[in-house]
Amino acid sequence: MSADTTTSDDGPVPALRERAVACADRLRTADRVLLASHIDADGLTSAAIAAAALERAEIPFETVFAKQLDEREVARIAATDYETVLFTDFGSGQLDVIAPYAAEGAFTPVVADHHQPADLPDGVDEPAHHLNPLLFGLDGASELSGAGASYVLSRALEPPEGDNRDLAGLAVVGAVGDMQGTDGGLSGANQVIVEEGVAAGVVEEATDLLVYGRQTRPLPKFLEYATDVRIPGITNDANGAIEFLSDLDLDLKEGGEWRRWVDLTMAERKTVVSGLLQRAIASGVPADRIDALVGTTYTLTDEEPGTELRDVSEFSTLLNATARYERADVGLAVCLGDREGALDRARTLLRNHRRNLSEGLQWVQNEGTTVEDNVQWFDAGSRIRETIVGIVAGMAVGAAGVRGDIPILAFAEKSEEEIKVSGRGSHALVRQGLDLSAVMREASRAVGGDGGGHNVAAGATIPTGTREAFVAEADRLVGEQLD
């Protein structure tokens, strides 16, 4: 099917349109497809978008998930009898592993990803069906997520009578979950997807308080846990948050229970924000941090108000609580519309996830980090699950006792033979030259492991016993980048 008969426009990202159409045409020729995806929020939404598009296009498929797409996992995929494999939110960084299997005819890969592509072995050609914004001059760390790449593919895969623009909401969840949003919201191709979601009536874009929990948290907890912008006497201070709210000339309780942010009128919200700004200024919070209190937010209008699914940040956290605990099937089911059994299981996992994150962050703050010349690091061993140690590391940056001006490396036990490493930086460091994707890839390969990711956040797996050598090499590489 040609581009003209697939949809009537150039898709949400015209630069990717031709490649997306080629990938979609290849999927249409398949008798059935194996859909393989990553396990974080971006990976789950990527898989859900692709699954919905494949089902609407009446292409039979099966879905599998993996924490890491390594040689062992690709070999397992190659051993199946699927002739076509669609990789979402990973695959680009593993082209050096995938391409030889493709060249041997084990399967035909179709890759919709946004990570840094791997260098291919000599004599091995890049797979023809590779959809990645980095190949077309777009930043995969800030302009288009894995879910965004999957959405671009879904728009090219539309049947003549259909329209996949309703999947834009999941793409926004994936982008926000992948930390691609800033105070000004999403940008680049991500913003175009937001606009398609708004036009489709599934996304609402607004300017609001940038605090997590707008839909679900009672107001005192909402403010107490607002740690992105720390306001003395409110942040991490339960009594202080209650006192602040009680001093406002507002009726913030209903039936004796505290209301939530979503329950407030716009006038009430303005009063609370004004009070927060005054308190922040009086407490000496820097002007740039005060400005960060308010920014662009995204709401999924088809979801029930007051639930975790209504706000994209809360939705992405719910998804992280599923696949990172070996229940990717639950997260996928929620993305695909299961609002009963799967959502109940996801909420149970979320409660456990929040407890683990809180305990992990407390452990890091108690133990502190080891500071080298250019990086800081901690080794959690088995105290923090390797699937969430990167999230804990990101939460720890800038928290009490943890520096915010240098990257952080987090280690956790993966198995007796391997250690998981997660690296987190900041967009300010990226502007100075930081590229954690290159650091993690090169430092891990120097000790017999492998890794990759984005410039601001990346991961690796290394052999047990190589931590010191890895840290030394990563410290050297970061020093060179920021010199």
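Every value quoted in this text rests on a predicted model; they were computed, and no experiment measured them. (Residues numbered from 1 in each chain as written. Predicted model: local features only at pLDDT ≥ 70, side-chain atom pairs only at ≥ 80, totals over all residues. Heavy atoms only, no water.)

Enquirer: I'd like a description of the overall build of the protein, backed by residues and values.
Expert: Assigned secondary structure in the protein consists of 19 helices and 15 strands. Taken along its principal axes, the extent of the C-alpha atoms in the protein is 70 × 55 × 40 Å. Within the protein, the proportion of its 483 residues that are buried is 54%. Pairs at least 24 apart in sequence give 66% of the contacts found in the protein among residues at least 6 apart. (Helix = DSSP H or I, 4+ residues; strand = E, 2+ residues; numbered from the N terminus. Buried < 20%, exposed > 50% of the residue type's maximum accessible area, 1.4 Å probe, protein only. Contact = heavy atoms within 4.5 Å.)

Enquirer: Could you give an account of the pairing of strand E2 (residues 61-65), naming the residues involved and the relevant values?
Expert: Here strand E1 (residues 33-37) runs beside E2; their pairing, made up of five bridges, is parallel. In the sheet register, Ala36 faces E2, and the bridge partner there is Val64. Running through helix H3 (residues 41-56), the crossover from E1 to the neighbouring parallel element E2 is right-handed. (Pairing = 2+ DSSP bridges. Right-handed = clockwise from strand over helix to strand, strands pointing away.)

Enquirer: Before we move on, can you summarise the pairing of strand E3 (residues 84-88) with the specific residues and values?
Expert: Most of E3 sits out of view: five of its five residues are buried. Bridge count for E1 against E3 is four bridges, and the pairing is parallel. Following the sheet pairing, Ser37 is matched in E3 by Thr88. Here E3 pairs with strand E4 (residues 108-112) via five bridges, running parallel. Within E4, the residue paired with Thr84 across the bridge is Thr108. Each parallel crossover has a hand, and for E3 linked through helix H5 (residues 95-103) to E4 it is right-handed.

Enquirer: I'd like to hear about helix H14 (residues 328-335), residue by residue, with values.
Expert: Of all eight residues that make up H14, six are buried, and the element is covered over most of its length. Considered for burial, the residues of H14 that qualify are Ala328, Val330, Gly331, Leu332, Val334 and Cys335. In this structure, the buried side of H14 is in contact with H3, E2, helix H7 (168-177), helix H13 (312-323) and helix H15 (341-367). Immediately downstream of H14, the backbone of Gly337 shows phi near 110°, a positive value.

Enquirer: Tell me about the sheet that holds E3, and please be specific about residues and values.
Expert: The strand order across the open sheet built from five strands is E2-E1-E3-E4-E5, with neighbouring strands paired in parallel fashion. Each end of this open sheet is capped by a strand with a single partner; those strands are E2 and strand E5 (130-131). The sheet contacts of H3 involve E1, E2 and E3, and relative to E1 the element is tilted by about 160°. (Axes fitted to C-alpha atoms, helices over the stretch in contact; angles between N-to-C directions.)

Enquirer: Quick rundown of the side chain of Gln191? Include the residues and the values.
Expert: Structurally, Gln191 can be placed in helix H8 (residues 189-200). Non-local contacts of Gln191, meaning those with residues more than four positions away in its chain, are made with Leu186, Glu205 and Tyr298.

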